[in-house]
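Structural description and commentary
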Amino acid sequence: MTYNFDWSVLWRGQSALWLLQGLITTIELSAVAWVLAFILGISSGALRTVSITPLRWLASVYVEFFRNVPLLVWMFFWYFAVPPLLPQPAQDWLFDHGAEFWAGVVALGVYHGARFSEVVRSGIQSIPKTQFEAAVSTGLTMAQAYRLIIIPIALRLIIPPATNESLNLIKNSSVALTIGVAELTFQTRQIETYTAKAFEALTAGTLIYLLLCLAIATIMSQLEKRFAIPGMIVKRQTGEL
Amino acid sequence: MDFSVIINNVSFLILQGFLGLGNFTGGTLRLAVPAIILGFLLGTFIGIGRLARSRWIYVPTTVYVEFFRGVPLVMVIFWFWFIIPVLVGKALPEYSVALAAFVIFEAAYFGEIVRAGIQSVPRGQAQAATATGLTQAQTMRHVILPQALRNMIPALVTQSIVLLKDTSLASIIGYVDLTKAAQIVNNREIRPFELYLFIAVIYWLCSYGMSRYAQHIERRLAINPA
């Protein structure tokens, strides 16, 4: 094995700036996609537990369709297949405003929304049924009971699996490099291309991912302690889709 | 919308892209099936190692699992793609690189499933086995693992589905799987909607079918507990 290490490539030239820009893009992409996934996940997760069959069915179709197809295929689908179907002005606007970023957001958000939905559903199902019955018997409508009682409790219960899922979203945001989003993995490859120093570039990128995930996991475990409901935890599922 | 593009290229997409029977070394299944088997085997050792009493086994396997679970798969694939040529001294075909990356990466996830499976076997089983005179290794092989395996099956099927979907990422280093095959056809025909929808349906059929099968097994195991 002959390889000359040269760690200075990481701070000479533009490498450090690229890594920083990559990190910022990764965070932006993940944050916007996370909001979308969160909204889709809570609404479809809640709908999967209601007693109105067509709504439950609709939510199931969404979840089963989107989570059973690889994220990469969804990236290509939202970036290459969907924009040509839009009206011309919308297409022009999109390609002036970073179409790859928004395609990445939609792909990640819709895919992870389906996975997040399963977490929310198991959270709601772990709440005793009497909680819902008590809420309805005080005169709340079903929608109010979900909005005011069930979902707030469920959100406190699902912090650990939801954190796991959020970290998966951040890690999966790297798939957006395939459609040209200049996120962290993309920039890592760019440094490799410019300096031919694969080992150093990949080490830097990998460490940034590990630190980012570690930081979020630490913050979330603090949140979990603060919001935990004594005596109630959601059973941890291994090997979730 | 013109789905004749699918009909004209269906043999390339399915035979070459999905099954790997063609001029390229490719195929989603040709990568996924060995990766699942080898990843599970390596994962079994990792999972047992995580429960070992010796710190020299426990610490490295835990670091292994935590490291690979904290890093994106895309990153791991690039690691193998750039580092293997340096280590081996020559470039290896995409297939070997992708297979190595998937086995090493997924073993961390399989390892966690195996660990949870072993921990689900009541302690009394190990004690009873030791009391009959079995060694530690024999206890693991004849008593603990067969029972653990039974409890792990649903999670193992789920992880295999994840791996099947993940193999689409091998296309970024040029491996001709179903996704890459669709890209190749699309470069010629420019029919992204039809092509990507078609491969989405193929992936969906495999992975939904497998998840229904997992549910079926889960139900059967629930009726006849060990």
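Bear in mind the structure is a predicted one, so any value in this text is a computation, not a measurement. (Residues numbered from 1 in each chain as written. Chains lettered and ligands numbered in written order. Predicted model: local features only at pLDDT ≥ 70, side-chain atom pairs only at ≥ 80, totals over all residues.)

**So, the overall build of chain A**
For chain A, the count of helices and strands is ten helices and zero strands. Secondary structure elements of chain A occur, N-terminal to C-terminal, as α-α-α-α-α-α-α-α-α-α. Based on the C-alpha atoms only, the size of chain A along its principal axes is roughly 70 × 50 × 30 Å. Expressed as a percentage of its 241 residues, the buried residues of chain A come to 42%. Intrachain contacts of chain A at a sequence separation of at least 6 include 80% that bridge at least 24 residues. (Helix = DSSP H or I, 4+ residues; strand = E, 2+ residues; numbered from the N terminus. Buried ≥ 20, exposed ≤ 12 C-beta atoms within 10 Å, placed from the backbone. Contact = placed C-beta atoms within 7 Å.)

**Overview of the environment of Thr61 of chain B**
Residue and element names in this part refer to chain B. With respect to the secondary-structure elements, Thr61 resides in helix α3 (residues 55-69). Between the C-alpha atoms of Thr61 and Gly111, which are 50 residues apart in sequence, the distance is 9.1 Å. The contact partners of Thr61, leaving out residues within four places of it in the chain, are Ile46, Gly49 and Arg50.

**A word on the interface of chain A and chain B**
In this assembly, 35 residues from chain A lie in contact with 33 residues from chain B. When contributions to the side of chain A that touches chain B are tallied by element, the ones reaching two or more residues are α2 (53-67), α3 (71-81), α8 (159-172), α9 (184-195) and α10 (198-227) of chain A. Looking at the side of chain A that touches chain B, the element that brings in the most residues is α10 of chain A, giving eight residues. Here the side of chain A that touches chain B is built from residues that sort into 21 nonpolar, nine polar and five charged. (Nonpolar A, V, L, I, M, F, W, Y, C, P; charged D, E, K, R; others polar.)

**Quick look at the confidence of the model for chain A**
Residues and elements named next belong to chain A. For chain A, per-residue confidence averages 90 on the pLDDT scale, and 95% of positions sit at 70 or higher. Between the elements of chain A, mean pLDDT differs from a low of 89, seen in helix α4 (residues 88-96), to a high of 96, seen in helix α1 (residues 15-47). This model gives residues 235-241 a pLDDT under 50, and the stretch forms 18 contacts once residues within four places in sequence are excluded. (pLDDT = per-residue confidence, 0-100.)

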